[in-house]
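# Results of the structural survey
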Amino acid sequence: MAGDTDTRSLWREYRRTGAKELRDRLIVMYSPLVKYVAGRLGSGLPAHVDEGDLVSYGLLGLIGAIERYDPDRDIKFETYAIARIRGSIIDELRALDWVPRSVRSRAREIERAIASLEAKLGRAPTDEEIAARVGISVDELESSLTDIARSSIAALDELWSVSGEGDQVSLLDTLEDPDSVRPADALDETELREVLGDAISRLPEREKLVITLYYYEELTLREIGEVLGVTESRISQLHTKAILRLKARLAGAAARA
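These numbers come from a predicted model, not from an experiment.

This next bit is on the nonpolar core. Here is a general trend for soluble globular proteins: nonpolar side chains tend to be buried in one another's company. Counting 29 residues, the largest nonpolar core has Trp 11, Leu 62, Ile 66, Phe 77, Ile 85 and Ile 89 as the members making the most contacts within it. Looking at this core, the elements that each hand over two or more residues are helix H1 (2-17), helix H2 (20-42), helix H3 (51-68) and helix H4 (77-96). Considering each element in turn, this core owes the most residues, nine residues, to H2. Non-local contacts of Leu 62, meaning those with residues more than four positions away in its chain, are made with Ile 27, Tyr 30, Ser 31, Val 34, Phe 77, Ala 81 and Ile 85.

Before going further, it helps to examine the environment of Glu 232. If you trace the backbone, Glu 232 turns up in helix H12 (residues 232-256). The class for Glu 232 is partly exposed, based on a relative accessible area of 33%. Remark: the alpha-carbon pair of Glu 232 and Thr 220, spanning twelve residues in sequence, is separated by 9.1 Å. For Glu 232, the contacting residues outside a window of four places in its chain are Leu 221 and Arg 222. Within the structure, Glu 232 has its side chain in polar contact with the side chain of Arg 222 (distance 3.3 Å).

Turning our eyes to something else, we now look at helix H5 (residues 101-121). With 21 residues, H5 should cover 30 Å at 1.5 Å per step; its first-to-last C-alpha distance of 30 Å lies within 8% of that length. Of the residues making up H5, those classed as buried are Val 103, Arg 104, Ala 107, Ile 110, Glu 111, Ala 113, Ile 114, Leu 117 and Glu 118. Positive phi appears at Gly 122, one or two residues downstream of H5, with a value of about 75°.

Turning next to the packing of aromatic side chains. The final tally for this structure, using the stated rule, is seven aromatic pairs. Their ring planes at 65° and their centres at 5.0 Å tell us that Trp 11 and Tyr 69 sit as a pair that is edge-to-face. Here the residue Trp 11 occupies a position in helix H1, and Tyr 69 occupies one in the loop between H3 and H4, the gap between them amounting to 58 residues. Of the two residues, Trp 11 and Tyr 69, neither departs from the other in class, the shared state being buried.

Residues with a pLDDT of 70 or more make up 77% of the protein, whose mean pLDDT is 79. When pLDDT is averaged over each element of the protein, helix H6 (residues 127-134) comes out on top at 96 and helix H8 (residues 183-186) at the bottom at 48. In the model, residues 154-186 has pLDDT below 50 throughout and makes 94 contacts with residues more than four positions away in sequence or in other chains.

A separate point is the side chain of Arg 245. Here Arg 245 is to be found in helix H12. Judged by relative accessible area, Arg 245 falls into the buried class, the value being 2%. Within the structure, Arg 245 has its side chain in polar contact with the side chain of Glu 207 (distance 2.7 Å). Apart from residues lying up to four places away in sequence, Arg 245 is in contact with Ile 114, Glu 118, Ala 124, Pro 125, Ile 130, Leu 203, Pro 204 and Glu 207.

A separate point is helix H10 (residues 205-216). In this model H10 runs 15 Å from its N-terminal to its C-terminal C-alpha over twelve residues, within 8% of the 16 Å that 1.5 Å per residue would give. Buried within H10 are the following residues: Glu 207, Val 210, Ile 211, Leu 213, Tyr 214 and Tyr 215. Looking one or two residues beyond H10, the residue adopting positive phi is Glu 218, at roughly 60°.

Taken as a whole, this structure holds 15 salt bridges when the rule is applied. The residue Arg 23 makes a salt bridge to Asp 24 at a minimum N-O spacing of 3.7 Å. Its relative accessible area of 18% is what places Arg 23 among the buried residues. For Asp 24, a relative accessible area of 27% puts it in the partly exposed group.

The rules we used
Residues numbered from 1 in each chain as written. Predicted model: local features only at pLDDT ≥ 70, side-chain atom pairs only at ≥ 80, totals over all residues. Heavy atoms only, no water. Core = buried A, V, L, I, M, F, W, Y, C linked by side-chain atoms within 4.5 Å. Buried < 20%, exposed > 50% of the residue type's maximum accessible area, 1.4 Å probe, protein only. Helix = DSSP H or I, 4+ residues; strand = E, 2+ residues; numbered from the N terminus. Contact = heavy atoms within 4.5 Å. Polar contact = N/O pair within 3.5 Å; in protein donor to acceptor, adjacent residues only side chain to side chain. Expected span 1.5 Å × (residues − 1). Phe/Tyr/Trp six-rings, centres within 6.5 Å; stacked < 30°, edge-to-face > 60°. pLDDT = per-residue confidence, 0-100. Salt bridge = Lys/Arg side-chain N within 4 Å of Asp/Glu carboxyl O.

Here it is, written out as structure tokens:
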């Protein structure tokens, strides 16, 4: 446990002095967190988004986390830092505004169609029902889901990424609709977790399995495809469809709050 003792001593000394050389030692110590988060987010991004850029964006979040972290608070630094790193990367990507307008628009159309159909039917709508509501074919729906997946950094774990200062991070809102209700604005963290858990439990079985394997078992989309015997592209479509269903349900819960 000497390593733990040394780390605590380093934190205490940095908090006491604010010395740059101590901050730099902490940056080096925790830099693998940046690589981890950048790799996790980068796996679903278009090929032109360079992972090195994501790492540099995330490093800014790590530095901010180190400068703001209070070792006396009852929260592990890793938990606090990962939320900040992820938030920093997403903020930079949003600022670049690289998601095509047509993809944003289609994502909102599909999300709203799902919300409307679920309210009407009392169950998860089928692909055929979603496509008909949007006014496209099932093939066009699948193509749209692929486009959204390639452009989206929406991730389920961001729903409960809360920094030590109480601010929500991302909230499945990367394809942002300025006219929509943000779940974070209407639901506190406990409610958000409860609504999310219920929403996941009501997903179609195949989508629920993809969500479980990706976020809880931490398999990659390629590995999930091998488990289920389908292509990585198909798993990406299922993941995106599940995320849009969850966004629709969370927006509905927030609007009722």
